[in-house]
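Residues per chain, in single letters:
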Amino acid sequence: MKWNNPKLKKACLFVTTGALAAVALLGNGPLITVASNTTTNTITSPAGLSAPVRNGPEDVQELLTFADPLFADKMKKFNVAGSNFVVVKDGKVLVSKGYGYADKKKQIPVDSQTVFQIASISKTFTALAAMQLVDQGKIQLDHNIEEYLAGLKIPNKTGKPITMFDLLTYTSGVDKPDITTYVSPEYVRQDIPTREFLEKHMPTVVRPPGEAYTYDNFAFLLAGYAVENMSGMRYDQYMKKNIFEPLGMKSTSVRFTPELLARLASHYSPAGEFQPLSGHAPTDGPQGSILSTGEDMAQYLLMQLQNGRAGDKQLVSPQSLKQMHTYQTFAEASIPIATVGFEGYYKELMNGHHVVLKGGNMPGHSSLMVLIPEHNTGFYMSYNNDTNMSLEIYEAFMDHYFPETEASPQPAFVELSKEEAKPYTGIYQNTRAFSIRTQFAYENGHLTMEDSTTGKHTLQKINALLFQDELGNKVSFKKGAAGQIQYFYYTSPVGLGVVAESQKMESKPPFADVPSNSKFRTHIDHLQTLGLIQGIGGNRFDPKGTMTQGQFADLLIPAHGWNIFPVAAKANQQQMIQGIPGYHRSKPITRQVAAVMIQNLRQLNVDTKVTLSGSTDAWAVEAVQALVGNGVVDPDTRVQQDGSVHFRSKQLLLRQEACALLDKAFNYYALPIALK
């Protein structure tokens, strides 16, 4: 699968510690400023890329002939102001240079000394630190992590403790992997201790650790705290003494320093707008707070490719480093996901080679680190906006230096009966991005899957745990502790499936007071299955009862599902009530207020051709038109004979109607739905 498919460019590979880039400097006339270690050169607009090389990068001039036009082209395409680029091979630094500007306004070029926030590449440093303590016998990978937390406890509903291995391989099993992800400019100059922060922001283990993959910022923060506690040194001080200084990484730090801030590249949005620098809470961010330069990261790459050795120093044992380069977490035997600290999304882009990588994003900065261990080759890049430019650089690099040596064999497909399909069917929810809910069903002799990010796909069975869609993407299933189908993973880079496996949501007994033939029954059952609604006691739902504005808000936020980051959840709560006169949690909610609240978060296209009958206040008209025009209506809403729609805007919202509106707004996947 290659990136020339336009849909793939919507991928969100590195959904990490920040927002998920700048005015084009490579436009119709301006030249590209390229800063290297010693000189600043100028090149013209990109020409065609050089011919593929099959033995990896070796010749510096050939590498520059390949890279210079590639960066010119991609920086223009993704509106990137400036980027660094480092390539190492066989113990040598082949290239460490910069393209474009660290600061557009001041025309400061990027060079090997420019500082970037490497974001989640920091996780690989945390894994390295943990493995150092494993080598020293201070931490056992398979022991309960609470042994290393000085009394700090993690709520656990599974009876199986989390280990350091679980944390470092993204399989902790916690319910809120981003509960500790606080990124904001307000944290740049604060000093927030890790222990106190963790005590107030602790998720709960809800899946057996080691069972399912979920991209997990909390896990690496906790692993970093274990390093801090078992070493007796604050995390940033440990990293400086035991990793940065031995590697000669003089411009690398966990915390902001005046000297590094002076060389820090400016941050820009994908539209080229300046963005303020963001810091972390807590201040030390083992999951993503390291700053570094191209020159320093070259030393880190070399150590990684030299069995953990740097000069006469052995930073980590070859055995421990091998665990960092060997896949430990799989969606299915043929789909590797994570090592100890590194990852390997998109096997299709590896061209059949063993590759481990780690990417990261902060608001206005993006980074990517790639290792091809068997070829002693690695590259690193950081740039000053948060787009997916690095993915296209990665693809081009692999296609040029490590192309496919043989075509992948086409799988043989197996027929699937309706009875055989039953274990797979149902609703699944992404274990990190709760807004991604996927429905599997059996239709016309095939298993189908449908969600709001990728649409509907028909699957063909390869084996009991592996299917393939019509685009060639793989869908793998995994059994849980009870031996039943419990998770699935989708290799399509469209949407956010790559950030986690999705878990099957178990159906619950239907409410006794919701008739089986009720037009609202399916919607109520969906929200109950997802754990979004509860009854009023005694297995009763009270479908025709009313709600307050606050009760609906408490239902809407989790139904929306984009509350995985605490900062985003707070913003959603504020956005949700915009434009509603006199909002108050204790007020009974009307249908038009509910429509505005949904539209504030869902942002459906407004269909001005929709004519409303009855009375709707002016501040709610567009929201109601948006919902109606996109089929987000309850079963009792009808089109009148004159073509108008009576939304019953000023009537109180019934509980069953709330379920229908929320189900259609956030769980139905084939909008717009024609009114009938």
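Please read all numbers here as calculations on a predicted model, not as lab measurements.

Engineer: Lay out the sheet that holds strand E25 (residues 485-490) in plain terms, naming residues and giving numbers.
Structural biologist: Taken in spatial order, the eight strands line up as E19-E20-E21-E22-E23-E24-E25-E26 and close into a barrel, and their pairing is antiparallel. Going from strand to strand, the sheet's axes swing by 30° on average, the running direction of each strand aside. Bridge analysis of strand E20 (residues 437-443) against strand E21 (residues 446-451) gives five bridges, and the strand direction is antiparallel. Paired with alanine 441 across the strands is threonine 448, a residue of E21.

Engineer: Go over the packing of aromatic side chains with me, naming the residues and quoting the values.
Structural biologist: Scanning the model with the defined rule gives 25 aromatic pairs in all. Aromatic side chains tyrosine 170 and tyrosine 215 sit 5.5 Å apart centroid to centroid with 35° between the ring planes, which places their arrangement in the tilted category. With tyrosine 170 in the loop between helix H3 (164-168) and strand E7 (182-184) and tyrosine 215 in the loop between helix H4 (194-200) and helix H5 (217-231), this pair connects stretches of sequence that are 45 residues apart. With relative accessibility at 0%, the residue tyrosine 170 sits in the buried group. The buried category is assigned to tyrosine 215, whose relative accessible area is 1%. Aromatic ring contacts, followed pair by pair, group Phe66, Phe71, Phe85, Tyr99, Phe379, Phe397, Tyr401 and Phe402 into a single cluster.

Engineer: Which residues make up the nonpolar core, and what values go with them?
Structural biologist: Among the nonpolar cores identified, the biggest contains 115 residues, and Phe85, Phe125, Ile145, Met164, Leu168, Tyr394 and Phe397 are the most heavily contacted of them. The leading source of residues in this core is H5, at nine residues. Counting 48 residues, the second largest nonpolar core, distinct from the first, contains Ile533, Met547, Val593 and Ala595.

Engineer: Tell me about the side chain of glutamate 332, and name the residues and values.
Structural biologist: Tracing the sequence through the fold places glutamate 332 in strand E14 (residues 329-332). The side chain of glutamate 332 is buried and forms no salt bridge, while lysine 347, the nearest opposite charge, is found at 7.3 Å. Among the polar contacts listed, one links the side chain of glutamate 332 to the side chain of serine 334, at a separation of 2.5 Å. Not counting the four nearest positions on each side in its chain, glutamate 332 is found in contact with Asn463, Leu465, Leu466 and Ser476.

Engineer: So what's going on with the pairing of E20? Residues and values would help.
Structural biologist: Pairing of strand E19 (residues 426-430) with E20, which is carried by four bridges, proceeds in the antiparallel orientation. Bridge pairing in E20 places glycine 426 opposite phenylalanine 440. Taking the residues that link successive antiparallel strands as the turn, the E19-E20 hairpin has six residues.

Engineer: Quick rundown of the pattern of salt bridges? Include the residues and the values.
Structural biologist: All told, the structure shown has 24 salt bridges when counted by the stated rule. We note a salt bridge from aspartate 236 to arginine 255, for which the minimum N-O separation is 3.7 Å. Of this pair, aspartate 236 sits in helix H6 (residues 235-244) while arginine 255 sits in the loop between H6 and helix H7 (258-262), and the two are 19 residues apart along the sequence. The residues aspartate 236 and arginine 255 share a single accessibility class, namely buried. Its salt-bridge partner being arginine 591, residue glutamate 657 comes within 3.0 Å of it at the nearest N-O pair. Of this pair, glutamate 657 sits in helix H17 (residues 655-666) while arginine 591 sits in helix H15 (residues 591-602), placing them 66 residues apart in sequence.

Engineer: Quick rundown of the environment of glycine 445? Include the residues and the values.
Structural biologist: Among the structural elements, glycine 445 can be located in the loop between E20 and E21. Glycine 445 sits in the partly exposed class, given a relative accessible area of 32%. Sequence separation of glycine 445 and leucine 459 is 14 residues, and the distance between their C-alpha atoms is 10.0 Å.

Engineer: Which residues make up helix H9 (residues 318-325), and what are the values?
Structural biologist: Within H9, burial applies to Ser320, Leu321, Met324 and His325. Buried residues of H9, viewed axially, fall in a sector of 140°; they line one side. Turned more than 90 degrees off the buried face of H9, the exposed positions are Gln319 and Lys322. Contacts from the buried residues of H9 go to helix H2 (122-135), helix H8 (294-304), strand E16 (356-362) and strand E17 (365-372).

Engineer: Let's hear about the confidence of the model for the protein: which residues, and what values?
Structural biologist: On average, the protein scores 90 in pLDDT, and the residues at 70 or more come to 91%. Low pLDDT, under 50, characterises residues 1-48; the predicted model gives this stretch 166 contacts beyond four residues in sequence or across chains.

Engineer: I'd love a proper account of the packing of H2 against H6, names of residues and values included.
Structural biologist: One way to put it is that H2 packs onto H6 with a least axis distance of 11 Å and a crossing angle of 75°. When the axis of H2 is compared with that of H6, the two are roughly perpendicular. Contacts between H2 and H6 involve Ser122, Phe125, Thr126, Leu128, Ala129, Gln132 and Leu133 from the former and Tyr235, Tyr238, Met239, Asn242, Ile243 and Phe244 from the latter. Looking at the contact of H2 with H6 residue by residue, the classes come out as nine nonpolar, four polar and no charged.

Engineer: Can you tell me about helix H12 (residues 521-529), naming the residues and giving the values?
Structural biologist: Burial analysis of H12 places seven of its nine residues in the buried class, the great majority of the element. For H12, the full list of buried residues reads Arg521, His523, Ile524, His526, Leu527, Gln528 and Thr529. Taken together, the buried residues of H12 touch E19, E20, helix H13 (549-560) and H17.

Conventions used here
Residues numbered from 1 in each chain as written. Predicted model: local features only at pLDDT ≥ 70, side-chain atom pairs only at ≥ 80, totals over all residues. Heavy atoms only, no water. Pairing = 2+ DSSP bridges. Helix = DSSP H or I, 4+ residues; strand = E, 2+ residues; numbered from the N terminus. Axes fitted to C-alpha atoms, helices over the stretch in contact; angles between N-to-C directions. Phe/Tyr/Trp six-rings, centres within 6.5 Å; stacked < 30°, edge-to-face > 60°. Buried < 20%, exposed > 50% of the residue type's maximum accessible area, 1.4 Å probe, protein only. Core = buried A, V, L, I, M, F, W, Y, C linked by side-chain atoms within 4.5 Å. Lys, Arg positive; Asp, Glu negative; His and termini not counted. Salt bridge = Lys/Arg side-chain N within 4 Å of Asp/Glu carboxyl O. Polar contact = N/O pair within 3.5 Å; in protein donor to acceptor, adjacent residues only side chain to side chain. Contact = heavy atoms within 4.5 Å. Arc of directions from axis to C-beta. pLDDT = per-residue confidence, 0-100. Parallel < 35°, antiparallel > 145°, perpendicular 65-115°, else oblique. Nonpolar A, V, L, I, M, F, W, Y, C, P; charged D, E, K, R; others polar.

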